[in-house]
Amino acid sequence: MTSLIHRSGPVSRYGTAAGTGALAVLLLVGICGSPAYTGWAATLTDPESGGAFYARLLAWPAWRLDADGQAGGLFAADLRAVLVVVLAVALLYLLPAAQVARVPGPVSQFFSGWAAYVLAGGLAAVLAALLGPAPSLLGALQEASTGAGYGFLTGWIIGIASLGGRA
(Lines give C-alpha, C1' and ligand atoms only; values in the text may rest on other atoms or scores of the structure.)
Protein backbone atom coordinates (compact mmCIF):
# COMPACT_ATOMS: atom_id res chain seq x y z
CA MET A 1 0.00 0.00 0.00
CA THR A 2 2.82 2.41 0.74
CA SER A 3 4.19 1.95 -2.76
CA LEU A 4 1.08 3.61 -4.16
CA ILE A 5 1.66 6.88 -2.32
CA HIS A 6 5.46 6.91 -2.32
CA ARG A 7 7.14 8.84 -5.11
CA SER A 8 10.64 7.94 -6.12
CA GLY A 9 11.61 11.34 -7.58
CA PRO A 10 11.40 14.90 -6.36
CA VAL A 11 8.05 16.64 -6.61
CA SER A 12 8.27 20.10 -8.12
CA ARG A 13 6.41 22.84 -6.28
CA TYR A 14 6.53 25.09 -9.30
CA GLY A 15 4.25 25.20 -12.32
CA THR A 16 5.22 24.55 -15.88
CA ALA A 17 7.57 26.88 -17.72
CA ALA A 18 4.75 27.75 -20.12
CA GLY A 19 2.35 28.42 -17.25
CA THR A 20 4.66 30.82 -15.43
CA GLY A 21 5.46 32.51 -18.75
CA ALA A 22 1.73 32.88 -19.48
CA LEU A 23 1.18 34.48 -16.07
CA ALA A 24 4.02 36.91 -16.81
CA VAL A 25 2.42 37.79 -20.16
CA LEU A 26 -0.90 38.52 -18.48
CA LEU A 27 0.78 40.69 -15.86
CA LEU A 28 3.01 42.53 -18.35
CA VAL A 29 0.19 43.39 -20.75
CA GLY A 30 -2.32 43.94 -17.96
CA ILE A 31 -0.16 46.35 -15.98
CA CYS A 32 1.99 48.04 -18.63
CA GLY A 33 -0.82 48.24 -21.17
CA SER A 34 -3.27 49.76 -18.68
CA PRO A 35 -4.56 53.30 -19.19
CA ALA A 36 -2.89 54.42 -15.95
CA TYR A 37 0.55 53.15 -16.99
CA THR A 38 0.33 54.38 -20.59
CA GLY A 39 -0.73 57.83 -19.35
CA TRP A 40 2.19 57.90 -16.93
CA ALA A 41 4.70 56.73 -19.57
CA ALA A 42 3.54 59.45 -21.96
CA THR A 43 4.26 62.18 -19.39
CA LEU A 44 7.87 61.29 -18.63
CA THR A 45 9.98 64.45 -18.50
CA ASP A 46 12.90 63.43 -20.73
CA PRO A 47 11.48 61.71 -23.82
CA GLU A 48 14.95 61.21 -25.30
CA SER A 49 16.29 59.10 -22.42
CA GLY A 50 16.63 55.33 -22.61
CA GLY A 51 14.44 54.83 -19.55
CA ALA A 52 11.59 56.89 -21.01
CA PHE A 53 11.86 55.03 -24.32
CA TYR A 54 11.67 51.67 -22.55
CA ALA A 55 8.74 52.80 -20.38
CA ARG A 56 6.81 53.83 -23.51
CA LEU A 57 7.80 50.59 -25.25
CA LEU A 58 6.36 48.53 -22.40
CA ALA A 59 3.03 50.30 -23.01
CA TRP A 60 2.87 49.23 -26.70
CA PRO A 61 0.06 46.64 -26.36
CA ALA A 62 -2.15 49.23 -24.71
CA TRP A 63 -5.75 48.45 -23.90
CA ARG A 64 -8.60 50.80 -23.07
CA LEU A 65 -11.79 50.78 -21.07
CA ASP A 66 -13.63 52.85 -23.69
CA ALA A 67 -13.20 53.22 -27.46
CA ASP A 68 -12.81 57.04 -27.35
CA GLY A 69 -14.49 57.32 -30.73
CA GLN A 70 -12.06 54.96 -32.44
CA ALA A 71 -13.41 53.34 -35.59
CA GLY A 72 -14.35 49.73 -34.96
CA GLY A 73 -15.23 50.30 -31.31
CA LEU A 74 -13.67 48.91 -28.18
CA PHE A 75 -12.72 45.57 -29.71
CA ALA A 76 -10.63 47.27 -32.40
CA ALA A 77 -9.01 49.48 -29.76
CA ASP A 78 -7.99 46.46 -27.66
CA LEU A 79 -7.34 43.95 -30.46
CA ARG A 80 -3.55 44.21 -30.33
CA ALA A 81 -3.39 43.63 -26.55
CA VAL A 82 -5.79 40.68 -26.75
CA LEU A 83 -3.84 39.12 -29.63
CA VAL A 84 -0.48 39.54 -27.85
CA VAL A 85 -1.82 37.66 -24.82
CA VAL A 86 -3.58 34.90 -26.78
CA LEU A 87 -0.72 34.30 -29.22
CA ALA A 88 1.99 34.47 -26.55
CA VAL A 89 0.20 31.94 -24.34
CA ALA A 90 -0.39 29.62 -27.32
CA LEU A 91 3.23 29.88 -28.44
CA LEU A 92 4.54 29.37 -24.91
CA TYR A 93 2.72 26.05 -24.81
CA LEU A 94 3.68 25.04 -28.38
CA LEU A 95 7.36 26.03 -28.63
CA PRO A 96 8.94 24.24 -25.65
CA ALA A 97 7.53 20.82 -26.54
CA ALA A 98 9.83 20.43 -29.53
CA GLN A 99 12.88 21.97 -27.87
CA VAL A 100 12.90 20.26 -24.50
CA ALA A 101 13.71 16.86 -25.92
CA ARG A 102 16.83 18.16 -27.66
CA VAL A 103 18.19 20.73 -25.23
CA PRO A 104 16.83 20.38 -21.72
CA GLY A 105 17.54 22.98 -19.08
CA PRO A 106 17.03 26.60 -18.17
CA VAL A 107 18.71 28.03 -21.28
CA SER A 108 16.12 26.36 -23.49
CA GLN A 109 13.28 27.58 -21.27
CA PHE A 110 14.60 31.15 -21.34
CA PHE A 111 14.97 31.31 -25.11
CA SER A 112 11.64 29.56 -25.71
CA GLY A 113 9.85 32.18 -23.60
CA TRP A 114 11.70 35.03 -25.28
CA ALA A 115 11.11 33.68 -28.79
CA ALA A 116 7.42 33.07 -28.09
CA TYR A 117 7.02 36.72 -27.09
CA VAL A 118 8.88 38.03 -30.14
CA LEU A 119 6.68 35.96 -32.44
CA ALA A 120 3.53 36.89 -30.54
CA GLY A 121 4.35 40.61 -30.75
CA GLY A 122 4.99 40.48 -34.50
CA LEU A 123 1.98 38.29 -35.31
CA ALA A 124 -0.36 40.30 -33.08
CA ALA A 125 0.71 43.52 -34.77
CA VAL A 126 0.15 42.09 -38.27
CA LEU A 127 -3.23 40.60 -37.42
CA ALA A 128 -4.41 43.74 -35.59
CA ALA A 129 -3.40 45.89 -38.59
CA LEU A 130 -5.14 43.59 -41.06
CA LEU A 131 -8.27 43.06 -38.94
CA GLY A 132 -8.49 46.65 -37.72
CA PRO A 133 -10.60 49.51 -39.06
CA ALA A 134 -8.23 50.57 -41.89
CA PRO A 135 -6.37 47.47 -43.11
CA SER A 136 -3.40 47.82 -45.46
CA LEU A 137 -0.41 45.69 -46.36
CA LEU A 138 2.02 48.56 -45.75
CA GLY A 139 0.49 49.24 -42.34
CA ALA A 140 0.68 45.54 -41.45
CA LEU A 141 4.37 45.34 -42.41
CA GLN A 142 5.21 48.48 -40.46
CA GLU A 143 3.32 47.21 -37.43
CA ALA A 144 5.05 43.81 -37.69
CA SER A 145 8.38 45.56 -37.34
CA THR A 146 7.15 47.47 -34.29
CA GLY A 147 5.58 44.38 -32.70
CA ALA A 148 8.63 42.18 -33.20
CA GLY A 149 10.84 44.96 -31.82
CA TYR A 150 8.59 45.19 -28.78
CA GLY A 151 8.79 41.42 -28.31
CA PHE A 152 12.57 41.41 -28.71
CA LEU A 153 13.17 44.18 -26.19
CA THR A 154 10.64 42.96 -23.60
CA GLY A 155 10.57 39.20 -24.21
CA TRP A 156 13.48 38.61 -21.84
CA ILE A 157 10.98 39.25 -19.02
CA ILE A 158 8.87 36.34 -20.24
CA GLY A 159 12.02 34.26 -20.72
CA ILE A 160 13.06 34.84 -17.11
CA ALA A 161 9.55 34.02 -15.90
CA SER A 162 9.74 30.71 -17.79
CA LEU A 163 12.87 29.64 -15.91
CA GLY A 164 12.62 26.98 -13.27
CA GLY A 165 9.27 25.53 -14.22
CA ARG A 166 8.70 21.99 -15.40
CA ALA A 167 9.02 21.57 -19.14
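Given the structure is predicted, the values throughout are model-derived calculations rather than measurements. (Residues numbered from 1 in each chain as written. Predicted model: local features only at pLDDT ≥ 70, side-chain atom pairs only at ≥ 80, totals over all residues. Heavy atoms only, no water.)

A.B. asks: Help me get a handle on the packing of aromatic side chains, residues and values and all.
C.D. replies: Summed over all chains, the structure comprises 7 aromatic pairs. Here Y37 and W40 contribute two aromatic rings whose centre-to-centre distance is 5.5 Å and whose plane-to-plane angle is 50 degrees, an arrangement assigned as tilted. Of this pair, Y37 and W40 are both found in helix α3 (residues 35-42), 3 residues apart, which corresponds to roughly one turn of the helix. On the basis of relative accessible area, Y37 is assigned to the buried category, the value being 16%. (Phe/Tyr/Trp six-rings, centres within 6.5 Å; stacked < 30°, edge-to-face > 60°. Helix = DSSP H or I, 4+ residues; strand = E, 2+ residues; numbered from the N terminus. Buried < 20%, exposed > 50% of the residue type's maximum accessible area, 1.4 Å probe, protein only.)

A.B. asks: Any details on the packing of helix α2 (residues 17-32) against helix α7 (residues 137-161)? Residues and values, ideally.
C.D. replies: Remark: α2 packs on α7, axes separated minimally by 8 Å, with the N-to-C direction vectors making an angle of 130 degrees. The orientation of α2 relative to α7 falls into the category oblique. Between α2 and α7 lies a crossing whose hand is right-handed. Of α7, the residues touching α2 (which contributes T20, G21, A24, V25, L28 and V29) are Y150, I157, I158 and A161. Partitioned by chemical class, the residues of the contact of α2 with α7 number 8 nonpolar, 2 polar and no charged. (Axes fitted to C-alpha atoms, helices over the stretch in contact; angles between N-to-C directions. Parallel < 35°, antiparallel > 145°, perpendicular 65-115°, else oblique. Left-handed = near helix turned anticlockwise from the far one by under 90°. Contact = heavy atoms within 4.5 Å. Nonpolar A, V, L, I, M, F, W, Y, C, P; charged D, E, K, R; others polar.)

A.B. asks: For the environment of T20, give the residues involved together with the corresponding values.
C.D. replies: Secondary-structure assignment places T20 in helix α2. Note: C-alpha distance between T20 and S162 (142 residues apart in sequence) is 5.6 Å. Look past the residues within four positions of T20 in its chain and what remains in contact with it is A161 and S162. A polar contact is formed between the side chain of T20 and the backbone oxygen of A161, at a distance of 2.8 Å. (Polar contact = N/O pair within 3.5 Å; in protein donor to acceptor, adjacent residues only side chain to side chain.)

In short, the description is geometric, and any link to function would need to be established separately.
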